[in-house]
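Observations on the model geometry
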Amino acid sequence: MYYDLFKLKKALNMEKYSLKDLALYYEKFDGYVCEIMTNFGLLRFKFTVENFPHLIGMQYAFKERKGGHKYKGRRGFEKAKNGEVTYEQMKRNVTKSANMNIAWKNIDLRIKFLPMFLNSITKKTLLKTSIGIKDPERATYIKGSYFLYRELHDGKTPMFSVKRISKTGAVIETFIVDDDKSIIRNLYPIKIKSIKLIAPLQNTKPIFEKDEHLV
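The following refers to the structure shown. (Residues numbered from 1 in each chain as written. Predicted model: local features only at pLDDT ≥ 70, side-chain atom pairs only at ≥ 80, totals over all residues. Heavy atoms only, no water.)

Quick notes on the packing of aromatic side chains
One pass over the full model with this rule turns up 17 aromatic pairs. When the centroid spacing of 5.8 Å and the interplanar angle of 85 degrees are considered together, the rings of Phe52 and Phe77 count as edge-to-face. Here Phe52, found in helix 2 (residues 52-55), pairs with Phe77, found in helix 4 (residues 73-81); they are 25 residues apart in sequence, far enough to count as distant. Note on Phe52: relative accessible area 0%, which makes it buried. In textbook terms, an aromatic cluster arises when at least three aromatic residues are bridged by ring pairs, as seen for Phe6, Tyr25, Tyr26, Phe29, Tyr32, Phe45, Phe47, Phe52, Phe77, Phe117, Phe160 and Phe175. (Phe/Tyr/Trp six-rings, centres within 6.5 Å; stacked < 30°, edge-to-face > 60°. Helix = DSSP H or I, 4+ residues; strand = E, 2+ residues; numbered from the N terminus. Buried < 20%, exposed > 50% of the residue type's maximum accessible area, 1.4 Å probe, protein only.)

Some points on the pattern of salt bridges
Considering all chains together, one arrives at eight salt bridges under this definition. Here Lys156 ties to Asp154 by a salt bridge, and the two come within 3.8 Å at their closest N and O atoms. Under the relative-accessibility criterion, Lys156 is labelled partly exposed at 23%. A relative accessible area of 48% means that Asp154 is categorised as partly exposed. Each of the salt bridges in this network shares a partner with another, and the network as a whole consists of Glu35, Arg44 and Lys196. (Salt bridge = Lys/Arg side-chain N within 4 Å of Asp/Glu carboxyl O.)

Following this line, the structure appears as structure tokens:
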């Protein structure tokens, strides 16, 4: 059923699609590079299965658990892919934790909006940066130097925070869904001239049925 997620244009129904479905869906992006040409130059970052657990907030559900490191990176991804981790487990662990600095609703939003955002990343996507901001009142509390986002009709703003690590290279810091634009409100906008997903060389099969926006 995971393959239907590539057609999703709205929030994911967590009763219809399991965490395993979501992991299998995300695996198809492994090795793809998002390339953004802006009025300030080129920005590139890669999707890998290793960043999947962090994008959906698994670290918050298992960080207090013995062996919590096994739920991070590739090992965490494999646990989700193999059905060893479920939404219910994550929700239960987050809810009962006394030391959690994030609510389940925040993780819930990440899970629900990740496929929709990825499916439309080359369309109607905007970019802002925190680089150059010196006024602490304009700073954002989320790590990252670039924020790739989309404004939805219901006021929610799914986004990747991206950290530049070289002249053109960057890495994904996290994925989050903001509901009041507090993260990006005071950041500097950057004009996107083009944005595309570039398949890894060994991948000859497109991840979408219609791949005219892919290279």
